[in-house]
Amino acid sequence: MDTRNFTYMFYGFAAAWLIVVIYVVTLVLRERRLSQEMQRLRDMLSERRRT
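All figures in this text were calculated on a predicted structure; none of them were measured in a lab.

Visitor: What am I meant to see in the pattern of salt bridges here?
Guide: Charged atoms that come close allow side chains of opposite charge to pair. Under the definition given, this model contains 3 salt bridges. Close ionic contact of D2 with R4 constitutes a salt bridge, the shortest N to O distance being 2.9 Å. D2 sits in the partly exposed class, given a relative accessible area of 30%. For R4, a relative accessible area of 52% puts it in the exposed group. For E47, the salt bridge is made with R50, and the minimal N-O distance between the two is 2.9 Å. With a gap of 3 residues between them, E47 and R50 both fall in helix 1 (residues 3-50), about one helical turn apart. Since its relative accessible area comes to 45%, E47 is described here as partly exposed.

Visitor: I would appreciate a short explanation of a nonpolar patch on the surface in the present structure.
Guide: A surface patch of nonpolar side chains, about 1200 Å² in accessible area, is lined by F6, M9, F13, W17, V20, V21, Y23, V24, V25, L27, V28 and L29. Tracing the sequence through the fold places W17 in helix 1. Accessibility expressed as a relative area gives 59% for W17, which makes it exposed.

Visitor: Help me understand the environment of R4 in this model?
Guide: Topologically, R4 is positioned in helix 1. Side-chain polar atoms of R4 contact the side chain of D2, separated by 2.9 Å.

So, how was this worked out
- Residues numbered from 1 in each chain as written.
- Predicted model: local features only at pLDDT ≥ 70, side-chain atom pairs only at ≥ 80, totals over all residues.
- Heavy atoms only, no water.
- Salt bridge = Lys/Arg side-chain N within 4 Å of Asp/Glu carboxyl O.
- Buried < 20%, exposed > 50% of the residue type's maximum accessible area, 1.4 Å probe, protein only.
- Helix = DSSP H or I, 4+ residues; strand = E, 2+ residues; numbered from the N terminus.
- Patch = residues over 30% accessible without salt bridge, like charges linked within 9 Å, V, L, I, M, F, W, Y side chains within 5 Å.
- Areas by Shrake-Rupley, 256 points an atom, 1.4 Å probe, with all protein chains shown as cover.
- Polar contact = N/O pair within 3.5 Å; in protein donor to acceptor, adjacent residues only side chain to side chain.

Given below as structure tokens:
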């Protein structure tokens, strides 16, 4: 077997894992922002009920 094939396969897997990691990080960041926004909305609602 040609070792170039393994080199290309390694780069392909590395690129695929990099894409997966970037995707997961963006999902985590989105979830964190949504959670913060929901907390702000809860705070606004509780303030509105007090008045």
